[in-house]
Amino acid sequence: MPKQENGQKEDSIIQNDLSESFEEEVRAFLSDEEKLHLFDDLTKVNPVTTTTVLKCLQARYTVNLFYTNAGCSLVALNPFQPISCLYSPELMREYHVALRPQDLKPHIFAVAEQTYRNVQSQLDPVNQSIIVSGESGAGKTWTSRCLMKFYASVAASVISPKGNETVERIEKRVLDSNPVMEAFGNACTLRNNNSSRFGKYIQLQLDRFHHLSSASIQTFLLEKTRVAYQAPNERNFHIFYQITKGATAEERLEWNLPEGADYRWLPNSERNLDEDCFEVTRDAMFHLGIDCSTQNNIFKVLSGLLHLGNVQFSNPVDESQPCELEDKTKDFVKTAGDLLKIPVEELLESLRIRTITAGKQQQVFKKPCSRAECETRRDCLAKVIYARLFEWLVLVINESIYADPSVWTSFIGLLDVYGFEAFPENNLEQLCINYANEKLQQHFVAHYLKAQQEEYAAEGLQWSFINYQDNQNCLDLIEGSPLSIFSLLNEECRLNRSSNTDLFQTRIEKALSNNQCLSRNKFSKKPNFIISHYAGKVCYQLAAMVEKNKDPIPPELVHVLQNSKDPLLQKLFPMTERNQNSIKTQNRAAVVTVVSKFKGSLEHLMQILNSTTPHYIRCIKPNADCKAMTFKREEVLSQLQACGIVEAITISAAGFPIRIPFQSFTERYEILRKSRGPNKNRVCDKSSYHTAEKKGETLVAGDDKASRSVVSEILQNVVTEQTTAEQTGNRAGNASVYCGKTKVFMGNSVLEQLEARRAEVLNEKAFCIQCCWRKFKQKKLVKERWSATVIQAAIRSWLAKNRFQRMRRAANVIKHSWRKWKAKMAALAAAELDEGDEKAFLVPGAPVISAKPPCSLDTSWPLHAIIQFWPLGLVLAAAPVTVRGLRRDLSLLASLRVRQGSDCCRVESFGCGITSIRALPQGSIKFHCKKSPLHYANVSPHTDACSVTGFNQILLDRKKLLPT
Ligand SMILES: Nc1ncnc2c1ncn2[C@@H]1O[C@H](COP(=O)(O)OP(=O)(O)OP(=O)(O)O)[C@@H](O)[C@H]1O
């Protein structure tokens with residue numbers, strides 16, 4: 001039995017191994033992991049799964065590619081280190097001047113440029129928005145800053161000097177708003193050294209020439225609690241550290257900030273960050289129109305808050321008395337009062353004594369606060385001052401970058417919002433942040449998915465193949481009417497009863513039990529509720545939630561601030577009629593809660609976003625420790641889920657990511673139709689297509705039909721599965737192409753097929769053109785060569801003829817001289833003979849023969865003499881003409897000696913193409929001619945048989961004379 005078990009185990013191990021190796025093989029076949037980093041779009045990895053997407057992102061991250069497209073979003077991975085040239089002005093220009101910036105590498109500048117071009121094209125909706133999201137430390141602020149710089153640089157290319165001045169001024173101010181907002185709104189947290197503690201929407205307004213003419217900034221939900229409370233290892237807002245570290249000695253004196261002093265609300269001040277630079281903030285404030293005295297006033301108030309933070313209370317001995325001040329903190333109250341220009345007594349009273357108005361007569365009672373209440377009031381005072389100061393700063397910045405709406409015609413909005421948050425303990429802040437993210441996710445869904453759905457439906461394609469979950473249910477749970485978490489929270493605040501969290505928990509459960517997105521952690525003792533967000537479940541603690549929602553500001557505090565002599569505080573807390581009566585009417589006033597305020601501003605923002613064309617940049621933090629070049633898959637995956645990328649990828653892959661209008665399709669792929677072989681249908685289709693073309697606009701419907709048939713024909717040629725989709729009208733049968741009413745819908749694979757076929761056909765055509773051209777060129781060349789040959793032949797034959805004639809003339813001269821000489825010699829010989837004969841005949845008895853000229857002699861003997869001498873003539877004729885005098889004589893003699901010594905002549909070169917002479921005394925003489933390099937040199941211009949060249953002619957002539 002154990003053996004059998006072992007055997008089964010082994011079998012299953014082998015099977016597992018096999019299936020794993022098979023999977024590996026399939027994976028390797030589908031996606032070449034070595035080339036994974038080459039995918040610019042996550043929806044194009046094969047297959048589109050979270051695993052491959054993660055691998056692709058990681059592969060790109062390791063080769064310093066931080067941006068990747070994901071359908072209509074851009075995924076931005078934080079490098080956590082400066083990357084040279086990644087945001088240089090040169091790169092900005094490259095994207096700005098590119099013909100198709102989307103064809104360049106994915107980058108935030110590509111998104112920025114596309115957005116800018118959309119505005120330029122004036123296509124509805126003209127206004128654009130870029131939604132930058134991600135968790136804390138993912139790089140949202142960095143990205144927004146880079147985008148602002150991009151637009152500032154694009155707008156700086158204005159030609160008119162006056163316009164340039166305005167643009168530069170606005171551009172500088174817009175950029176200067178960053179350090180100011182960051183100094184007052186950012187802080188060092190555990191997750192990010194420069195964490196924005198507020199949401200921000202910046203509108204860059206462009207005039208009709210698309211130049212930056214003005215801007216406006218809207219902020220959301222500043223984390224004001226940070227002024228009075230900082231989590232362990234976190235810090236307060238940067239500005240507090242800037243003033244304590246950067247103030248001059250004079251300022252320290254004026255603001256009462258002695259060097260090295262300790263402030264409870266200034267933890268971790270020993271840490272020095274880049275963000276602690278006071279000068280940068282001051283310069284930027286100055287450029288934004290905040291003069292030195294106002295700046296001084298601001299820093300004085302901030303210093304007052306730091307002193308206020310050091311005020312500590314102790315329980316009184318008598319409960320009917322206000323809380324005591326701890327000895328060591330008495331000075332701090334005084335200093336705080338001095339700096340805030342509030343009399344110390346008034347300040348202390350507002351912190352320690354509550355005013356209650358009760359009864360029909362609205363009687364006013366004063367009640368000392370408990371120690372905890374005093375501390376809450378102290379913190380509240382600081383928070384309210386800081387929050388109003390921040391609001392006022394935003395107002396000042398807006399005023400300095402504002403322009404009348406008549407000046408600008410369009411805008412590009414940049415939204416930098418906090419990403420989805422899920423901590424071990426979550427409260428109202430997280431609820432608001434996650435609510436904002438749900439809203440934005442819905443916007444994304446509405447834009448991306450619903451737009452797809454509507455388009456498919458309009459084109460007659462059934463929307464049945466993509467299953468996506470709308471988050472409306474979750475939003476209904478949070479903000480719905482009449483019953484939702486927000487409405488219940490507001491009700492609790494309105495009722496103004498002391499909050500019982502257990503009861504509140506039961507109330508929520510009862511009222512919203514039918515919403516599937518709501519649940520509760522039953523194992524926790526603390527009252528809570530869980531919301532199933534699109535990005536995951538988050539458990540919210542109910543403790544203090546109602547109080548936080550009320551965000552009450554004790555009227556005594558407002559009153560004391562309104563009575564301050566400080567000009568800035570007077571601006572921040574102006575005295576109004578309503579304020580004056582606020583103490584009396586506090587209980588009856590409608591409570592404006594945090595959630596209702598937040599909901600209002602978010603709805604306003606959503607209205608703006610809905611009227612624009614959105615672009616999404618999803619910032620991802622590759623690791624929680626902010627380490628450079630460290631990629632943690634689990635952390636990235638949870639962020640991809642939180643920003644809806646996983647869903648978007650799935651949908652993109654499942655749907656038809658490519659849609660091409662019929663006209664554009666036929667324009668590009670008509671070539672594929674024509675490339676097909678002749679067929680009846682084609683003729684029919686073509687005629688209908690052309691008919692539609694001729695009739696033009698009058699037959700729009702017919703035009704579409706005709707185009708559709710052309711499109712179908714092309715698709716049938718190239719894509720085999722198209723018929724299925726067309727027939728069924730949906731994605732059944734796995735068809736990846738569909739012919740709609742005005743557009744062709746297709747998957748990437750079909751596009752690839754079409755493009756590949758197009759390239760093939762274009763290649764064929766190009767090849768054909770090349771062949772024709774080469775043929776033509778070849779023919780032309782042959783003709784030219786033939787003509788050249790004819791000309792050359794004519795010239796050569798003329799030259800040869802010339803040469804031949806010259807030689808012939810020379811031979812004639814030789815012949816003539818030789819004959820003369822021979823005759824002379826014969827005559828001499830004859831004379832000698834005659835003399836001899838006469839002498840012989842003079843012998844007695846001998847007959848006397850009279851002397852006769854040689855010519856009159858018997859014809860046979862003089863000929864013999866001539867034959868005896870003709871080699872000499874030859875020798876003379878062939879003797880080198882360049883050699884003269886004695887040498888010529890010697891060479892002649894040598895030739896003669898040879899002649900005498902042997903029957904035949906020796907071979908010798910004499911130049912002029914003659915290499916040897918072989919004299920055959922009894923026979924003929926042969927000429928050996930070296931073949932000339934010229935083609936026609938060997939051809940006799942005379943074609944008749946008797947035309948023999950050179951000496952042969954002479955010899956032949958001689959031969960005729962010889963007796964046969
Ligand atoms: N593209 C980048 N190149 C180099 N460093 C970057 C880049 N993006 C972000 N960082 C680094 O990451 C840090 C965090 O970025 P950033 O402050 O923009 O995050 P955030 O998403 O705005 O966070 P929070 O929501 O907390 O404000 C930056 O201070 C910077 O050091």
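Above this note sits the structure.
Keep in mind it's a predicted model, so treat the numbers as computed, not measured.

## Some points on the site of the ligand
Next, step 1: Residues in close proximity to the ligand total 17 residues, the closest being Tyr87, Ser136, Lys140, Thr141 and Ser195.
Next, step 2: Asn78 places a side-chain nitrogen or oxygen 2.9 Å from an oxygen atom of the ligand.
Next, step 3: Taking Ser195, its side chain carries an N or O atom lying 2.6 Å from an oxygen atom of the ligand.
Next, step 4: The protein chains hide 87% of the 620 Å² of surface that the ligand would expose on its own.
Next, step 5: Elements supplying a minimum of two residues to the shell around the ligand: helix H5 (140-155) and strand E5 (195-196).
Next, step 6: The biggest single contributor to the shell around the ligand is H5, with three residues.
Next, step 7: Residue classes in the shell around the ligand are distributed as five nonpolar, 10 polar and two charged.

## Here's the deal with the packing of helix H3 (residues 89-97) against helix H4 (residues 108-121)
Next, step 1: Taken N-terminus to C-terminus, the directions of H3 and H4 make an angle of 45°; their axes are 9 Å apart at the nearest point. As judged from the angle between their axes, H3 and H4 are oblique. Remark: the crossing between H3 and H4 carries right-handed chirality. Together, Leu91, Met92, Tyr95, His96 and Val97 of H3 and Phe109, Ala110, Glu113, Tyr116 and Arg117 of H4 make up the contact between the two elements.

## Describing the packing of aromatic side chains
Next, step 1: All told, the structure shown has 23 aromatic pairs when counted by the stated rule.
Next, step 2: Where Phe444 meets Tyr616, the ring centres are 4.7 Å apart and the plane angle is 85°; that geometry is what we call edge-to-face. Of this pair, Phe444 sits in helix H14 (residues 428-458) while Tyr616 is found in strand E16 (residues 613-620), placing the two residues 172 residues apart along the sequence.
Next, step 3: Since its relative accessible area comes to 2%, Tyr616 is described here as buried.
Next, step 4: An aromatic cluster of three or more residues is present, and its members are Tyr87, Tyr95, Phe109, Tyr116, Trp142, Phe150 and Tyr151.

## As for the pairing of strand E7 (residues 212-220)
Next, step 1: Across the nine residues of E7, seven count as buried, placing the element largely inside the fold.
Next, step 2: Bridge count between strand E6 (residues 199-206) and E7: eight bridges; the pairing is antiparallel. Among the inter-strand pairings, Leu206 is bridged to a residue of E7, identified as Leu212.
Next, step 3: Between E6 and the antiparallel strand that follows it, E7, lie five residues; His210 among them carries a positive phi value of about 65°.

## Focus on the side chain of His238
Next, step 1: Counting through the fold element by element, His238 comes out in helix H7 (residues 238-246).
Next, step 2: Apart from the residues lying within four places of it in its own chain, the contact partners of His238 are Glu182, Ala183, Asn186, Ala187, Cys188, Asn193, Asn194, Leu273 and Glu275.

## Structural notes on unusual backbone geometry
Next, step 1: The residue after Ser481, namely Pro482, is reached through a cis peptide bond having omega 0°.
Next, step 2: Within the secondary structure, Pro482 is located in the loop between helix H15 (472-479) and helix H16 (485-495).
Next, step 3: Positioned with a positive phi, Asn64 is a non-glycine residue whose angle comes to about 60°.
Next, step 4: Looking at where Asn64 falls in the secondary structure, it is placed in the loop between helix H2 (50-62) and strand E1 (67-70).
Next, step 5: Backbone geometry places Ala544, a non-glycine residue, at a positive phi of 70°.

## A look at H16
Next, step 1: If you check which residues of H16 are buried, you get Ile485, Phe486, Leu488, Leu489, Asn490, Glu492 and Cys493.
Next, step 2: Asn496, located one to two residues past H16, shows a positive phi value of around 55°.

Rules and cut-offs
Residues numbered from 1 in each chain as written. Predicted model: local features only at pLDDT ≥ 70, side-chain atom pairs only at ≥ 80, totals over all residues. Heavy atoms only, no water. Near = heavy atom within 4 Å. Polar contact = N/O pair within 3.5 Å; in protein donor to acceptor, adjacent residues only side chain to side chain. Areas by Shrake-Rupley, 256 points an atom, 1.4 Å probe, with all protein chains shown as cover. Helix = DSSP H or I, 4+ residues; strand = E, 2+ residues; numbered from the N terminus. Nonpolar A, V, L, I, M, F, W, Y, C, P; charged D, E, K, R; others polar. Axes fitted to C-alpha atoms, helices over the stretch in contact; angles between N-to-C directions. Parallel < 35°, antiparallel > 145°, perpendicular 65-115°, else oblique. Left-handed = near helix turned anticlockwise from the far one by under 90°. Contact = heavy atoms within 4.5 Å. Phe/Tyr/Trp six-rings, centres within 6.5 Å; stacked < 30°, edge-to-face > 60°. Buried < 20%, exposed > 50% of the residue type's maximum accessible area, 1.4 Å probe, protein only. Pairing = 2+ DSSP bridges.

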